[in-house]
Amino acid sequence: MNSNSNTFNSTRISKFKNVFTSPNPKQLYNQIQIDNLCTTKLKANGVSIAIPSVSGTSIGILPITKTHYDVKDSIRMDKYAPIQLIHGKQIYDFEFGSGTTNIIASTTKSDNLVRIWDIPKTDVGEYDMVKSYLAGHDKRVEIMAFHPTCEQVIATASIDQTIKLWNINRYEEMMTMDSVNAAIPSNMIFRAQGDLIICGMNDATVQLFDPRNHNFPIKVWPTEHAPNKGMKVCQVNMTPYILTSGFDKHQRELRLLDLRNLSFLEKYTVPETGVGILQPTCDAQLPVVYATSKGEGIRVFELDDGHLKFISMLKLEKQYNTVGLMPKSNCVIEKSEIARFICLGNDKTIDMNSIYVPRRAEDNYFNHDQAYPPLTISPIQNSEEWFTDDFNPIVAIEEEKPLSVHGSTKKNVSREPSKSKPMKRGYIELEKVYWTSSEWIKCWVVLSSKRFYMGTNSDQFCLTPLSTLETLNNIRGCNVDQLIFEFNIGKTLYRWKTNSKEDRDEWVTELQSHQKKQVSSNLLLPDLPKPTVDESSVLLGIMDTIVNVDENAGKWVKNLVVLNSNNIIDIYPPDMNKFMQKMLPIHMLDLSLALIVRKSQGSDTSFTIQCATRAAHFKMKDSSDINDWLNQINSSLPETHKLIFEGPVNVRAPFFNTNEKKLNSCWITLIDETFTYFHNQFSVQALGSFNVDDITMYDEMLPDIVKTNADSISIGLMAKNWSIEHQFSNIQSQQSFATILDDYRLSNSDFFVKFCDMNGETLLPMIESAKTMKILHVDGITILDEQKLLSGVQKLLIKIEKEPISGRWVVYSVDCHVDSLNSIATFILDNGNLIYHWTGADATLFCRAEGLNLGASIRKHRGCRPVLKICEDEDKNELRKRLGSDTYVIRKLEDGILPLAIYTPTDAPIMKMKRLIRSTYLGIEPSKKLLKDLCLIHFRNEVFIWFGIGSVSHPRKWLIYFAAQCLIEKLKKQFSHVMYSEEFEGRETALFKSKFIDFPSDLPISMKIDATPGNIAKAADQKPIDIDAMLLIPELTIPNTSFQTVSLNMYVIKGFEKAPIQKEKYGSFSTLESYVIVHTYLPPQSSVEKRTIFFWQGLMATIVNKGTSALISVDVSQESNSQSNQIRIVEGKEPVEFFRALNVKTLLITNPELAQNDVRIFDIRQYIGELCRAIEISPKDTQMHHSHSLLFVFPNQMYAWHGSNSTKYEVESVQHIINILGVKDVRVKKLDGAEWDSELLKYLSGKNIAKPVSAVKRETARLYRFSSVSGVMEVLEIMPFSQEDLISNSVCSLVTSDTVYVWFGYHSSTSDQKTALTIMKEYKAKLESKMASTMSFYVVYGYKENKSFIQHIHGWSENLIPPKQRNMKLTEETSAEKVLAKLSESSFSKSILLSSMVPPHLDKTKLEQYLSDEEFLTEFGMAKLDFCKLPQWKREQLKKKVGFF
C-alpha cells in the first residue's frame, strides 16, 4: 500500500487556486423554525428544500424558484412550510430522489419503516398520502441512498447490520446484504456508474458490495481511521478514486483510495481544530472536491493525476449549521459559477452561497476550460431494467476509463423459480478396478453444469460430488454393440455401463455437450482479482450442518453451504479460500428429490430439508437470512407438499431394534399423507414410514398394549402389519397429530376411554350412580353464573388472540389476574354492570375489533345496561385494581392449534360401556348448526353444556353432566383455570357464541357520546314541516350511462382473504357474507380504462367480515396501476350502476341458514324500473300478496306464484334465479293469480301461510323517518327501504294505498312519537282530500309488528330482531288517534301518578309537575311557579311529605 502523509502547508499551482465565494450570500428564507433534535437538518435537490418541522413529526417542503435569484428580499416563513409531509413520529432522516424532483424518502426514530413520498406540485398544507412503505429491517433505518440513474431503486442501511435493496415500483425487497464483523454502516453511496454500493462502516472499514450478485461484501478495506467516531465516503466524480473522511486519535483526516489496485494512495491530516467530521462532496463535472463541516468554511481540493491537492479554505459570512452542495444545473456557467451551496444558518435563515473562478481578461464570455462537459451515465427507464442481466452502464465520454461490469454475470435476484437447464440423472454401473480383478457397482449419478455427483443405490438425496467437468475429454465407446463407454476427467479414467443403448447415447450426448462448453470468466471489476464464486450460485453462507449419516454421530458440523441455480446444494469445508479455488464439495443435495423445506420446530435460526427417507439440517447464527434460503429453496422444489404435523412422541414400534414393549422417544413428521419416523429432530436417516392408506386400525388405545403412564394420552395405529403406539404428554399434541384421522375418530372414538383413567368395571357403577345427579359439582373450577356477574360477586376475564399457526381468532376465559394479560392480545373484563376492554400495545386493529365485537355482544345480552369502557394507557391502574394486582407481566403467546370438540349422547346400552358419548365434531371452524338437542362442548380450558329447546327433559341429560365432570377432572391436571357454563338455545352468552363462526355480530354502529361542557351546540329553531312536499311523489330517474366492460371479477370474503366466485354465480349474494367486485371498463368515447371496486356487505355479516371487505378493496385498488374508486354497497341499497356493472336485472340474496329447510322460498319484487331483487325468506316470515311474486323450491318441483298485480319484470326474473341456483332436472310450474296446486296448498296450510287477499291495484308503499338528532324534527323519505331502516331509537311512518302506519321504535322518545303522530295526522287529512277516499291510521310498536305491516317490507326476517325481543307478543293495530290523545294529556291525578299505571312517557323524577294546577295547590300549598323557585333541599322535603320522593 502506498501511503503518504501530508498536511495542508503548501498550495500547488492550479487553475482553481483563486476560487472565491460571493461576498453577500443570497438569503432565500428567514425565521425558519425546525426541530433541532432531528439528525438531518436540511436537504435540497435543485427545486425544493426539505427541513424537519418544528414539531419534529413532519417534513416541510420549501420551493426554490427562479424568482429567488432576482428578488432582493427573502421570504419570511410561517411556523409551518407550505407542504408538510405528516409522519406522526419523530423524523430521523430524509433523502431526495436522484432523478425526478418529486420523490423523497424518509425514516423515523420509532419504527423500522422507510416511507416513499410523491411531493405534491401545489401547496396543500398537511399531506399524509404516503406512496409506499418499505418494511423489512428489524431495527431503525440509519441511511438511505437512491440509485444515481434509476430513481426507482433505493438502498437502505440499518443498525441491524444489514443493507437492503428495494424496487420501489413493486414495493419489493430485492436483496439483503450483510456486513462483515457485525459492522454498522455510517455512510453509504452508490458508485457513480450505478453498479456497486460503497459503505463506510463504524469499525472504520470500507466495504464494497455488488448488490445484484452477492449478499456479502466482495471486498473489505481497513482505513486506519479511528473506529466508532464516524466516517464519510464519496467517489471523486466518475474516476476510480474514493475519498474517506474520519478521525485519527487526535485530528481529522482524509484518505484517498484507488479501486483499480485496491490500495490507499494518500493520507491528509487537517491541521485546523474542529469538532465535526468533514463531509466530502465532489463536483459533478470538475475534478474538484469540497469538504464542509458545521460552523466552518468550505475547503476546496483538486484531484490531479491521482493526487488530491488542497486549493483553498473559503470563509463564509456567518456560521452555518448545515451546508449542502446543490445540483450542477443550478449554477450559472456564464458567470463562471462552478458550485452552489444551500446553507442553514444559526440565525434561522436559509442562504445560497456560490463559488466562482475569476475570468481571464482575454475571454469575453467565460473560461471554456472551466466548463467541462458532463460525465454522465445513460439513464435507465425503469427498475426492472437495472435488475436484468443485460444492463451495462454507458459513459457519455471516456477521457478516463470508468469502472464497468463485464460479461453477463448479473443475476436477477427476484425469487422466481430457477429456469436453468435440467440436470441429467439416473442409474449407471461404475467399473471398480482391483489389483487382479474388477467389478461393476450400481450407482446413482447426477450430472450438473459444472460437475457430476454420485450416490449409492439406496440414497439418491445426499450425494458425493466428484470431479468437475472443466477437464472432461476423450469421450469414447468401447463397442457399438456394448453398453459400455469411457471418458477422462484430467488423468482419471471412468468406465460406465448402462441398461440400454438409448440410455448410453443420452449420457454420451450430455457429456459431449459439457466437453464443448467454455466456462466464461466472471470478472466483477477489470483490475480486481478474479472472483471464484460460481456464476450459477444463488445463495451461499457458512453455517452448521447435519447431512451425512455417519458424520460425527449427528453432531453439528460447520460448513460452507452453496445453493446453485441448477437446484443443487453443494457443501464445502468452512474455508472460503478453498471454495474460491474451486475445490470439490464434500456433499451434494439434490433438491429435485426434496419434499419440503421448513424452519426447525422451536428454532428461528435452523431449517430442515426432507425427502422421503432422508433429511438434512442447517443452522445459522441469526435469523436474518433464513427466509431468503427458505424462499429460494421452496422455489426450486418440483412440487408443493404440506407439512401437517411434526413433533416429539414416545413410540412402541417394531422398527426399533429394542424390546417392542419399551417406549422409545422419536421425532415424527406427517407430510401430506405420509408418516415418517426419525430418532430425533435432527436425525438424518428415517427409521420407517407408511401412508395413511396403509392404516387398517385406529383407536385411542390398542387393546393389547398396557397403558404405563396415567398422565399420557395414546394413539394406536395398525399399518403394514405394524402395531405402533404413540404417547403424548398433552391433549393438544395428540389432537394435532390425529387431524388427518378425524373421520375415523368421529365415528369410532369413545369419550369415557379417552377422559377416564379406569376400566369398564370401575366406571360402570359410577355411571349408574350418576343417574341421580341433578347439577354439576366439581371443586376448583369457575362456574359461570349470570346473576353473580351482575351483582359483582363474580368476575370473568376473556382473552382474544390470533393463533399463529391457523391464523384464526380464538376467544377463551383465563385466570382473572393481571398476570394473564399480555401485549399482543385483547382482553375483556366482565364485571357485571361494567365491562372493560383493554388491548395490548402490540395487538392488531383486527384484534381490537374482535374485542369490541365481544364486549358489545355481552352488553347487548344484558339489555344494553352495562357500560362498555375502552381502557387506554391511563386506565391501566384501574384495570389492575379490578384484577386485584399492581404488577404487570407480559406473557408469550402460546403456540399450537386448539380445536373445539362437540359431544352428544347416544342410545347405546349403558351395560356395554361402548360409545355412550359420541364425538360429532373436532375442528377449528364450528357452525352453530352442529348444535342439536343436547351437546357437550369442549374448547381448551372451557366446558359448556348446551340445551336445545325441549332438551331440558332429555333422557340422558344426567350422562352429559357426568361426562362434563370427567372432562373437567381431566382438564384440571392441564390448566390452572377451568371454566364451566350451561347455555340455553336463544339465550347463549357472548363467550359461547364466540366459539362459532356463524353467530351474527353485535358490534354497535354508533356509540353515544357523553355531553361535556362546551360541546353542546345551541338548539336550532324548529321550522314547520312542509306536508305538501311530503305528498309529492319523487321521480326516479335511471341514469342512461353506457360503458364497455373490459373485465369483471367477483370475490367472497372468507376469513381475512378473498376467494373467487364462478362467473355463473355473479349476481348472487349471501346475507351472511361480504363481497368485493372489481369492474374494469371503458367510458364512452374514451380508450383509458377505469376501475370501480364495489364492496357489498350483507345485513347479517359480522363486523369483522365487513371491515375485511373494505380493507381488501383498498388493497386491490393499490395493486392496480389504473385509477380506482371504492364504493360501499349495503344490502338493500344497491344503486342502478351496481346492476349494470354486474350485467344483471335481478339480484339474488340467499341465506345459507335457510338452505337446509325442506322448501326454499324466494320473495321477488320490482326494485327500480326494470330491475328486481329476490330475497330468500323463512316460511314463518312469508306473506303472500297480489303485488309480489314468490318462488317455492321443493326437492323435485318448483312453483313460481305470481300475484294478479305482479309486473312482467318480476315474472321474467324467475328464470334468472333458477339459472343461478343451478337446479337441474326439476319441473317448474307457474301459477298466476288464483291458480293453485294441491301440493303447494298443503305446504302453505302446514306453515300457516294464508292465501293473499285480492287487490284491485298494485300496492306501493312509502317510508318516512322522523329524526330530532340535530335538535329540530326532520322528516326524510327513504328510497328504497328495508327492514334495516327501522332503527330502534327512531320513529317511522309507512304509507300504503289505504293505510298510514306510524312505527314506534323500541327505544324511541315520547316527544318524537307525539311529533310524528301530529305530522302524519295532517298528512293523512291532505292525502284523503286529494284521493277522495278514507284511510286507516294505526300505530305499530317495534318488535311487535303485525303481518299487515311487515308484508310491505321486502325480505323481512325475524333473525334481524334481537333474540330477547323475538318472542314478544304481536299487537293488533292500535288507533293512532287514541295514542295521540294519550300522549297529549298534560295533567294526571295523584292516584295515577303514584300507581304502577303511570304513563311511560312521563319524567319519573318530576311527577309532581303533571298534577293539575288545582290539585298541586291543594297538595303543596303553593303554585307550581313558587315551588320551582324554592331551593333544591326544600323541594325535596315537600315531595317527601306529599309522597312524590
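Values in this document were obtained by computation on a predicted structure and should not be read as measured data.

A word on the overall build of the chain. For the chain, the count of helices and strands is 25 helices and 82 strands. Taking contacts inside the chain between residues at least 6 apart in sequence as the whole, the part at least 24 apart equals 57%. Of the roughly 68,700 Å² of accessible surface on the chain, 50% is carried by carbon and sulfur atoms.

Ordered in space as β14-β15-β16-β17, the four strands form an open sheet in which the pairing is antiparallel. The two strands at the open ends of the sheet, each matched to only one other strand, are β14 (141-146) and β17 (172-178). Looking at each pair of strands side by side, their axes are set apart by 20° on average, direction ignored. Two strands pair when backbone bridges link them, and β14 and strand β15 (residues 153-158) are joined in this way by five bridges, in the antiparallel orientation. Paired with I143 across the bridge in β15 is A157.

With that settled, the discussion passes to the pairing of strand β77 (residues 1262-1267). The element β77 is extensively covered by neighbouring structure, given that five of its six residues are classed as buried. Note: β77 against strand β79 (residues 1291-1295), five bridges, orientation antiparallel. If you follow R1262 over to β79, its bridge partner there is V1295. Two elements, β77 and strand β78 (residues 1274-1278), share five bridges in a ladder whose sense is antiparallel.

We now examine the nonpolar core. One finds I798, L821, L854 and I937 to be the most contacted residues of the largest nonpolar core, which totals 45 residues. Sort the elements by how many residues they give to this core and strand β56 (residues 809-814) lands first, with five residues. Those residues in contact with I798, other than ones at most four positions away along the chain, are V811, Y812, S813, T826, F827, I828, L854, I858 and L991. Ranked by size, the runner-up nonpolar core spans 37 residues in total, among them V1052, F1069, I1149 and V1159.

Here we have six strands laid out as an open sheet, ordered β54-β64-β63-β62-β60-β61, and mixed in their pairing. In the strand order of this sheet, the two ends are held by β54 (782-783) and β61 (917-923), each with one partner. Of the strand pairs in this sheet, β54 and strand β64 (residues 979-984) are connected by two bridges, and their pairing is parallel. Opposite T782, over in β64, you have M979 as the bridge partner. In the packing of helix α12 (residues 957-971) onto the sheet, contacts are made with β60 (900-905), β61, β62 (934-939), β63 (942-947) and β64, and the angle to β63 comes to roughly 170°.

For helix α17 (residues 1208-1221), spanning 14 residues, the distance from its first C-alpha to its last is 21 Å, which sits close to the expected 20 Å at 1.5 Å a residue. Residues E1210, S1213, V1214, I1217, I1218, I1220 and L1221 constitute the buried set of α17. Two residues or fewer past α17, G1222 is found with a positive phi of approximately 70°.

Attention now moves to empty space enclosed by the protein. For the structure shown, the criterion picks out 14 cavities of 30 Å³ or more. The space that makes up the largest cavity amounts to roughly 210 Å³. Lining of the largest cavity is provided by 23 residues; of these, L1099, E1131, I1175, G1355 and S1357 occupy positions nearest its centre. Here the residues of the lining of the largest cavity sort into eight nonpolar, 11 polar and four charged. The space that makes up the second largest cavity amounts to roughly 100 Å³. Residue lining of the second largest cavity: L784, E786, L789, L796, I798, D830, I858, H861, R862, T989, A990 and L991, and that is the complete set. Those elements giving two or more residues to the lining of the second largest cavity turn out to be α9 (786-791), β55 (796-802), α10 (845-861) and α13 (990-993). Along the lines of polarity and charge, the residues of the lining of the second largest cavity split into seven nonpolar, two polar and three charged.

As a further point, take the confidence of the model for the chain. When pLDDT is averaged along the chain, the result is 77; 78% of the residues meet or exceed 70. Note on residues 389-420: pLDDT is under 50 here. Beyond four places in sequence and across chains, it has 79 contacts. With pLDDT under 50 throughout, residues 886-896 is counted as low confidence; its partners more than four residues away or in other chains account for 28 contacts.

Right, let's get into the packing of helix α19 (residues 1310-1331) against helix α21 (residues 1376-1384). Axis separation between α19 and α21 bottoms out at 10 Å; the angle between their running directions is 130°. Our classification of the angle between α19 and α21 gives oblique. Helix-helix and strand crossings are classified by hand; for α19 and α21 the assignment is left-handed. Where α19 abuts α21, its residues T1310, Q1313, K1314, L1317, T1318 and K1321 lie against A1376, E1377, V1379, L1380, L1383 and S1384. Looking at the contact of α19 with α21 residue by residue, the class counts come to five nonpolar, four polar and three charged.

How each quantity is defined
All chains use their own residue numbering, which begins from 1 and follows the written sequence. Per-residue local features are limited, in this predicted model, to residues with pLDDT of at least 70; the limit for side-chain atom pairs, both in listing and counting, is 80 or more; totals at the level of whole chains, interfaces and linings are taken over all residues. Hydrogens and water molecules were not included; the side-chain quantities draw on all heavy atoms of the structure. A helix here means a DSSP run of H or I that spans at least four residues, while a strand means a run of E at least two residues long, and both kinds are numbered starting from the N terminus. Residue contacts follow a heavy-atom distance rule, with two residues in contact if any of their heavy atoms lie within 4.5 Å. The Shrake-Rupley method, run with a 1.4 Å probe, gives the accessible areas here. Residue values count only the displayed protein chains as cover. Strand pairing follows a simple DSSP-based rule, namely that at least 2 bridges must link the two strands. Comment: axis = line fitted to C-alpha atoms, over the contacting stretch for helices; angle = value between 0 and 180 degrees taken between N-to-C directions. Note on classification: 1.4 Å probe, protein chains only; a residue is buried when its accessible area is under 20% of the maximum for its type, exposed when over 50%, partly exposed between these limits. By nonpolar core we mean a set of buried residues, namely Ala, Val, Leu, Ile, Met, Phe, Trp, Tyr and Cys, connected to one another through side-chain atoms within 4.5 Å. In this scheme, a helix's expected span is set at 1.5 Å multiplied by one less than its residue total. Think of a 1 Å grid over just the protein atoms. A cavity is a set of points where a 1.4 Å probe fits yet cannot get out, a pocket is an open set with protein on both sides within 12 Å along at least five of seven lines, and lining residues have an atom within 4 Å of a point. Grid points are joined across faces, edges and corners, and a volume is the space filled by probe spheres set on the points. Just so you know the grouping, Ala, Val, Leu, Ile, Met, Phe, Trp, Tyr, Cys and Pro go in nonpolar, Asp, Glu, Lys and Arg go in charged, and all remaining residues, Gly too, go in polar. The predictor attaches a confidence to each residue, called pLDDT, with possible values from 0 through 100. Our angle categories are set so that under 35 degrees counts as roughly parallel, over 145 as roughly antiparallel, 65 to 115 as roughly perpendicular, and the remainder as oblique. Two helices cross in a left-handed way if the nearer one is turned anticlockwise from the farther one by less than a right angle. They cross in a right-handed way if the turn is clockwise.

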